Amino acid sequence: MIVASPKSITELKTIIAGHKRVLFAGCGTCVTVCLAGGEREVSLSSYAMRMARRLDGNPIEIDQITIERQCENEFLKDLVEPASKVEAIVSFGCGAGVQAIAERFPRKPVYAGLNTQFLGVLEEQATWTEKCLGCGDCMLAQFGGICPVTRCAKRLLNGPCGGSLETRCEVDPDRPCAWQLIYARLKDIDQLERLEEVVPPKDWRPAWYGGARKIIRKEHQV
Amino acid sequence: MIAFDGGPSGALEKKAPSAPPSWQPDMIVFCCSYCAHSAAALAGSRRLPYPAGVRIISTPCTGKVEMEHILEAFEKGVDGVLVVGCLEGGCHFVEGNLRARKRTDRIRAILDEIGLGGERLKMVYLSDAMASLFAECLQEAAQTIRTLGPNPLKTPLRKESEGEP
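Residues numbered from 1 in each chain as written. Chains lettered and ligands numbered in written order. Predicted model: local features only at pLDDT ≥ 70, side-chain atom pairs only at ≥ 80, totals over all residues. Heavy atoms only, no water.

Concerning the nonpolar core
Inference 1: Among the nonpolar cores identified, the biggest contains 47 residues, and Phe-24 of chain A together with Ile-70, Val-81 and Ile-114 of chain B are the most heavily contacted of them.
Inference 2: No other element matches the seven residues that helix H3 (residues 39-55) of chain A contributes to this core.
Inference 3: Those residues in contact with Phe-24 of chain A that lie beyond four places of it in its chain are Leu-12, Ile-16, Val-42, Ser-45, Ser-46, Met-49, Ile-62, Asp-63, Gln-64, Ile-65, Val-90 and Phe-92 of chain A.
Inference 4: In terms of nonpolar packing, the next biggest core, distinct from the first, is built from 26 residues, Ala-43, Cys-86, Leu-138 and Ile-145 of chain B among them. (Core = buried A, V, L, I, M, F, W, Y, C linked by side-chain atoms within 4.5 Å. Buried < 20%, exposed > 50% of the residue type's maximum accessible area, 1.4 Å probe, protein only. Helix = DSSP H or I, 4+ residues; strand = E, 2+ residues; numbered from the N terminus. Contact = heavy atoms within 4.5 Å.)

As structure tokens, then:
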């Protein structure tokens, strides 16, 4: 899932300083699950923003809506009517949601209410960790299902750097060494021989370094 | 249930933005029905004084107090909010009071960030027998809020004919 975190009220206040009526639009998918941009967070931010602006002597009217998914045009039609009443929209979706709304409403200012962080998993209540960079050329099969491209600070593909402390990463001791995890995992699934294969330099062309990517699945097109 | 601490009656309607000495802050107190609400009732029956501007809202558990409830109270001009739950380890629903603590911490941070003042929100833990502590906590909170002054978001005029908020 896409993991995001809320922008501070102070930053958000600066972003929408020139507007008197805005729409706070939440997204009911990834950012709801990561407790950043769902109905509740939109509501809390609205309360905080209204009070902050009144305290500044510059009151603001905030409409709220949370749609099922901001990154699909099909769901964006629910924004048409509420968007027509406001000067600007603050999207509490991920970066994709913000841009989808901006494309759908070309004459309306659209701002991001969240900082989109990474593709990750919920480790425990309210704790998410990054697991995938979206490099476009998945190598997980070689590494026992643990991605050194994402989880090794040095992106090493042929073994650990040697700097790990016990089982922790030397760059950030709060983080496990990805190569320690890979070794333990390959041992558990009896595939340690994979470590003998020399992995060639990664082809980064499928990744975003070549610019924004596009996928077309012709078999599903209508 | 609400006992008056000697302030003039009608102080709420007469208070000015500059907060005269007789000013009684408007306070919402979310009381867990398993502890604090009984403590409030006991404080009332024992005639223990606590501030006149206190309004008690009974909740099934402080864990049921949503952050929006607290924010809405402040937006509508309440001067202070207390969330009163069971002693740590004594929650009827195991950890509702601990969740309430985390939520009040978050709201306090928001209130500080927007400049309203996190001190206006307080969380207290007590048992149903602690009527004296309940009254003391309210007095203390009211004193803190008096030093902060009225909530600047309070609507300036409220006619007596319109009733209380």
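A few points about the side chain of Arg-53 of chain A
All names here are of chain A.
Inference 1: Mapped onto the elements of the fold, Arg-53 is located in helix H3.
Inference 2: No salt bridge is formed by the buried Arg-53; the nearest opposite charge belongs to Asp-56, separated by 6.0 Å.
Inference 3: There is a polar contact of 2.7 Å between the side chain of Arg-53 and the backbone oxygen of Asn-58.
Inference 4: Excluding its chain neighbours within four sequence positions, the residues that come into contact with Arg-53 are Lys-13, Ile-16, Ala-17, His-19, Lys-20, Asn-58, Pro-59 and Ile-60. (Lys, Arg positive; Asp, Glu negative; His and termini not counted. Salt bridge = Lys/Arg side-chain N within 4 Å of Asp/Glu carboxyl O. Polar contact = N/O pair within 3.5 Å; in protein donor to acceptor, adjacent residues only side chain to side chain.)

Quick word on the interface of chain A and chain B
Inference 1: Every contact between the two is made by 14 residues of chain A and, on the other side, 15 residues of chain B.
Inference 2: Both faces considered, chain A and chain B share a buried interface measuring about 1500 Å² in area, 60% of it formed by carbon and sulfur atoms.
Inference 3: It is Tyr-47, Met-51 and Leu-55 of chain A in chain A that bury the most area against chain B; as a group they hold 41% of the surface buried on that side.
Inference 4: The interface formed by chain A and chain B contains four salt bridges.
Inference 5: For the salt bridge of Glu-41 of chain A with Arg-106 of chain B, the shortest nitrogen-to-oxygen distance reads 3.1 Å.
Inference 6: Where chain A touches chain B, the interface holds eight residue pairs in polar contact (both at pLDDT 80 or more).
Inference 7: Counting only elements with at least two residues in the side of chain A that touches chain B, the list comes to helix H1 (9-15) and H3 of chain A.
Inference 8: At eleven residues, H3 of chain A tops the list of elements feeding residues into the side of chain A that touches chain B.
Inference 9: In terms of residue class, the side of chain A that touches chain B is made up of seven nonpolar, three polar and four charged. (Buried area = accessible area lost by both parts, 1.4 Å probe. Nonpolar A, V, L, I, M, F, W, Y, C, P; charged D, E, K, R; others polar.)

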